[in-house]
Number of protein chains: 2
Amino acid sequence: MSASILVVGSVAFDSLKTPFGEADEILGGSATYFSVAASYFAPVRVVAVVGSDFPDKHLEVFRKHSIDTTGLAQVQGKTFRWKGEYGYDLNEAKTLDTQLNVFETFKPVIPESYRSSEYVFLGNIDPELQLSVLEQIKRPRVVACDSMNFWIKGKPEAVKRTIAHVDILIINDAETRMLANEPNLVRAANRIMAMGPKTLIVKRGEYGVLMFNGRSVFGAPAFPLEDVYDPTGAGDSFAGGFMGALAHAGDVNERVFRRGIIYGSVMASFNVEQFGMHRLTNLQRDQIDDRFRQFKALTHFEEV
Amino acid sequence: MSASILVVGSVAFDSLKTPFGEADEILGGSATYFSVAASYFAPVRVVAVVGSDFPDKHLEVFRKHSIDTTGLAQVQGKTFRWKGEYGYDLNEAKTLDTQLNVFETFKPVIPESYRSSEYVFLGNIDPELQLSVLEQIKRPRVVACDSMNFWIKGKPEAVKRTIAHVDILIINDAETRMLANEPNLVRAANRIMAMGPKTLIVKRGEYGVLMFNGRSVFGAPAFPLEDVYDPTGAGDSFAGGFMGALAHAGDVNERVFRRGIIYGSVMASFNVEQFGMHRLTNLQRDQIDDRFRQFKALTHFEEV
């Protein structure tokens, strides 16, 4: 039995437009993508808030993946809504509309039954709320954390206070440079690790991932796909696969972290193949391991 | 004894400015970077043109690396000059000035002693001149070719006529999308391979390299460096290391190509560490193999 993973983040209705199609008010949010991706590896417990408009068919997605929703509060009001559009390069979303709704007053409350979770992922929410989560729980084995340019620019000191307490920070390359105020990625990574995180994972979208820990660097390309329909949730799917693989392995060491990076990349690669959560909610475990092996074939070369 | 490599390209005076320093009229050009990088692996024969202002100290660089300069024509007039500037991201050069000078009327003439070269690299020059090189030589074992947006936009038909005769096309990701008129890189690669090249190598700067051959894809990250001073010549150093490793290995198969990609990435990573050719002209063979092993450490993960 794998150790449990606690995730705090958003559950949302996303309206998306890409050059290949559009979708209106489909299930999304960082906690949702993370939970479903991680659920293929270990039990997941979610903390988030939804409004009174949240339909039962969406709760069914969590149930199907045996995700514990004790901490998913349903309150009066409307669910968080996000509307975004992608161009042909599919690299960055243009946000067209954000309605925080019930998320505006969200204060994560960690249920008693969650408090001894060994693996914790702080999804991309206000860094002060992320810290409040850590204050409510026993010291977990591994805490990983996401953030974004909005918080790094708007609340840099709060971001720094929070990441001082996390083991692994998972952000993209532009955020890495912004947080460290340093254009060279290796130097930026070193500066950020001096702020607290022992490990920094830098997401580079279609270019893959770099992991720094002060002793070594690990680099993995993204899986080259012929059909990329919707990059929404790729980062959270990556984090879900990564933390899931860690919780499943049980050990905390570089070998496990590197395999976690590949499992994270596998989940992100599946996620972008179809709109919204569609691909992620319809996977078989052996398809995941098959693609892991394809990553090995993608990156293998012989020694000198 | 490794097979010989023939390279056709430019030999130039470069004036460079980066956020870390500047240099005036230093030795540069695609054929120069390629030749020196390849010279660590196999004998190199260069075809290019320089003016009457080309100093002996620059010829000394070719001699030091035992590069055959029978095909390096010196003619009346001034040597090709290029002036460029890089911002903090060091990703793309802004060309400030180009003076073609003797390069304007360059018609590559392949010396008799070069005509049975087994490995040929067509540096980034007019695609019609690239084709004229192939018409002057015996069918080599491997022909690789570079190009750029300037030719793809300006002479698309000539580019297509030339690449129909090459085995390996080595271009960057923007050029790949432009040549194929397709935003998805995997689809673009397939379209380009249908134009002739059996192998497409896509350079992605600081993000590394992808190699397509229709049966498999190989991906390698770039080496993460704390000190990147000058990216000039990185692509040609990559091509030099790649073709050098092929010529040294002798065999033509995927195993050799993948190792070639890593040797190319090694040479590009050294090249950007110092201004101009400085690092590339001061390397020991064991430093190259050491960094190859570091690439293995950078990318290694265990099987499922």
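You'll find the structure just up there.
Here's what I pulled together on the structure shown here. Predicted model, so just to flag it, every value in this text is computed and none were measured.

Some points on the interface of chain A and chain B
Taken together, the contact between chain A and chain B spans 39 residues of the former and 39 residues of the latter. The interface formed by chain A and chain B holds six salt bridges in total. Residue B:Arg177 is joined to A:Glu206 by a salt bridge in which the shortest nitrogen-to-oxygen separation is 3.2 Å. Remark: the boundary between chain A and chain B carries 24 residue pairs in polar contact (both at pLDDT 80 or more).

Observations concerning the side chain of A:Glu182
Residue and element names in this part refer to chain A. Summarising the element assignment, Glu 182 is placed in the loop between helix H6 (173-180) and helix H7 (185-193). Here Glu 182 falls in the buried class, since its relative accessible area comes to 12%. Contacts of Glu 182, omitting those with residues within four sequence positions, involve Arg 177, Arg 187, Ala 188 and Arg 191.

Digging into the side chain of B:Ser117
All names here are of chain B. By secondary structure assignment, the location of Ser 117 is in the loop between strand S7 (94-99) and strand S8 (119-122). On the basis of relative accessibility, which here comes to 3%, the residue Ser 117 falls in the buried class. Among the polar contacts listed, one links the side chain of Ser 117 to the side chain of Arg 45, at a separation of 2.8 Å. Not counting the four nearest positions on each side in its chain, Ser 117 is found in contact with Ser 4, Leu 6, Arg 45 and Pro 140.

Let's talk about H7(A)
Residue and element names in this part refer to chain A. Residues of H7 that are buried include every one of Leu 185, Val 186, Ala 188, Ala 189, Ile 192 and Met 193, and no others. Summarising the axial view, the buried residues of H7 lie within an arc of 160°, below the 170-degree limit, and thus occupy one face. Residues of H7 that are buried in the fold lie against strand S10 (168-172), H6, strand S11 (199-203) and strand S12 (209-212). Capping the start of H7 is the job of one residue whose side-chain oxygen sits 3.0 Å from the backbone nitrogen of Val 186: Asn 184.

Section: the sheet that holds strand S2 (residues 12-18) of chain A
Sheet strands pair by backbone hydrogen bonding; their relative direction is either parallel or antiparallel. Residues and elements named next belong to chain A. Here we have four strands laid out as an open sheet, ordered S3-S2-S6-S7, and mixed in their pairing. Strands with a single pairing partner mark the edges of an open sheet, and in this sheet they are strand S3 (21-28) and strand S7 (94-99). Neighbouring strand axes in the sheet, compared pairwise and without regard to direction, differ in orientation by 15° on average. Both strand S6 (residues 81-85) and S7 contribute to a ladder of five bridges, which runs antiparallel. Following the sheet pairing, Trp 82 is matched in S7 by Thr 98.

Concerning the packing of H6(A) against H7(A)
Residues and elements named next belong to chain A. Where H6 contacts H7, the two axes come as close as 9 Å, and the packing angle between them is 60°. The pairing of H6 with H7 is recorded here as oblique in orientation. Two packed elements cross with a definite hand, and for H6 against H7 that hand is left-handed. Of H7, the residues touching H6 (which contributes Asp 173, Thr 176, Arg 177, Leu 179 and Ala 180) are Leu 185, Ala 188, Ala 189, Arg 191 and Ile 192. Across the contact of H6 with H7, the residue classes break down as six nonpolar, one polar and three charged.

Overview of the relation of the copies chain A and chain B
Least-squares fitting of chain A to chain B yields an RMSD of 0.0 Å, with the superposition described by an axial translation of 0.0 Å and a rotation of 180°. Each copy turns onto its partner about a two-fold axis. A shared binding surface is used by both copies, with 100% of the interface residues of chain A retained as interface residues in chain B.

A few points about unusual backbone geometry
One non-glycine residue, A:Asn101, lies in the positive phi region at around 50°. For A:Asn101, the position within the fold is in the loop between S7 and strand S8 (119-122).

Here we look at the packing of helix H8 (residues 234-249) of chain A against helix H9 (residues 254-271) of chain A
Residues and elements named next belong to chain A. Between H8 and H9, the shortest axis-to-axis distance is 7 Å and the interhelical angle comes to 140°. Considering their axes alone, H8 and H9 lie oblique with respect to each other. For the pair H8 and H9, the sense of crossing is right-handed. Residues Ala 234, Ser 237, Phe 238, Gly 241, Phe 242, Ala 245, Leu 246 and Ala 249 of H8 touch H9, and the partners they reach there are Val 256, Phe 257, Gly 260, Ile 261, Tyr 263, Gly 264, Ser 265, Met 267, Ala 268 and Asn 271.

Side note on the pattern of salt bridges
With the rule as written, the count across this model stands at 40 salt bridges over all chains. Where B:Lys155 meets B:Glu128, a salt bridge forms, and the shortest distance between an N and an O atom there is 3.6 Å. With B:Lys155 in the loop between helix H4 (149-154) and helix H5 (156-163) and B:Glu128 in helix H3 (residues 127-136), this residue pair connects regions lying 27 residues apart in the sequence. The structure contains a network of salt bridges with shared partners spanning A:Glu25, A:Asp53 and A:Arg81.

Focus: helix H2 (residues 56-64) of chain A
All names here are of chain A. Regarding H2, the residues found buried are His 58, Leu 59, Val 61 and Phe 62. Angularly, the buried residues of H2 cover 140° about the axis, an arc narrow enough to put them on a single face. Counted as exposed and oriented over 90 degrees from the buried face of H2: Lys 57 and Lys 64. Elements in contact with the buried residues of H2: S2, S3, helix H1 (30-38), strand S4 (44-50) and strand S5 (68-74). One or two residues past the end of H2 sits Ser 66, with phi positive at roughly 55°.

Considering the pairing of strand S1 (residues 5-8) of chain B
All names here are of chain B. Neither face of S1 is exposed, since Ile 5 and Val 7 on one face and Leu 6 and Val 8 on the opposite face are all buried. Pairing analysis gives four bridges linking S1 to strand S4 (residues 44-50), with the strands arranged parallel. By the bridge assignment for S4, Leu 6 is matched with Arg 45. Pairing analysis gives four bridges linking S1 to S8, with the strands arranged parallel. Its bridge partner being in S8, Val 8 is matched across the sheet by Leu 122.

Observations regarding the packing of aromatic side chains
This structure, assessed with the given rule, holds 27 aromatic pairs over all chains. Judged by centre distance (5.9 Å) and plane angle (15°), the ring pair of A:Phe13 and A:Phe54 falls under stacked. Within this pair, whereas A:Phe13 is found in strand S2, its partner A:Phe54 is found in the loop between S4 and H2, the two being separated by 41 residues in sequence. Residue classification places A:Phe13 among the buried residues on the basis of a relative accessible area of 5%. Under the relative-accessibility criterion, A:Phe54 is labelled buried at 5%. Three or more aromatic residues joined by ring pairs make a cluster, and in this case those are A:Phe41, A:Phe218, A:Tyr263, A:Phe292 and B:Phe301. Cation over ring: B:Arg291 sits above B:Phe270, and NZ or CZ is 4.0 Å from the ring centre.

How each quantity is defined
- Residues numbered from 1 in each chain as written.
- Chains lettered and ligands numbered in written order.
- Predicted model: local features only at pLDDT ≥ 70, side-chain atom pairs only at ≥ 80, totals over all residues.
- Heavy atoms only, no water.
- Contact = heavy atoms within 4.5 Å.
- Salt bridge = Lys/Arg side-chain N within 4 Å of Asp/Glu carboxyl O.
- Polar contact = N/O pair within 3.5 Å; in protein donor to acceptor, adjacent residues only side chain to side chain.
- Helix = DSSP H or I, 4+ residues; strand = E, 2+ residues; numbered from the N terminus.
- Buried < 20%, exposed > 50% of the residue type's maximum accessible area, 1.4 Å probe, protein only.
- Arc of directions from axis to C-beta.
- Pairing = 2+ DSSP bridges.
- Axes fitted to C-alpha atoms, helices over the stretch in contact; angles between N-to-C directions.
- Parallel < 35°, antiparallel > 145°, perpendicular 65-115°, else oblique.
- Left-handed = near helix turned anticlockwise from the far one by under 90°.
- Nonpolar A, V, L, I, M, F, W, Y, C, P; charged D, E, K, R; others polar.
- Least-squares fit on C-alpha atoms with pLDDT ≥ 70 in both.
- Phe/Tyr/Trp six-rings, centres within 6.5 Å; stacked < 30°, edge-to-face > 60°.
- Lys NZ or Arg CZ within 6 Å of the ring centre and 35° of its normal.

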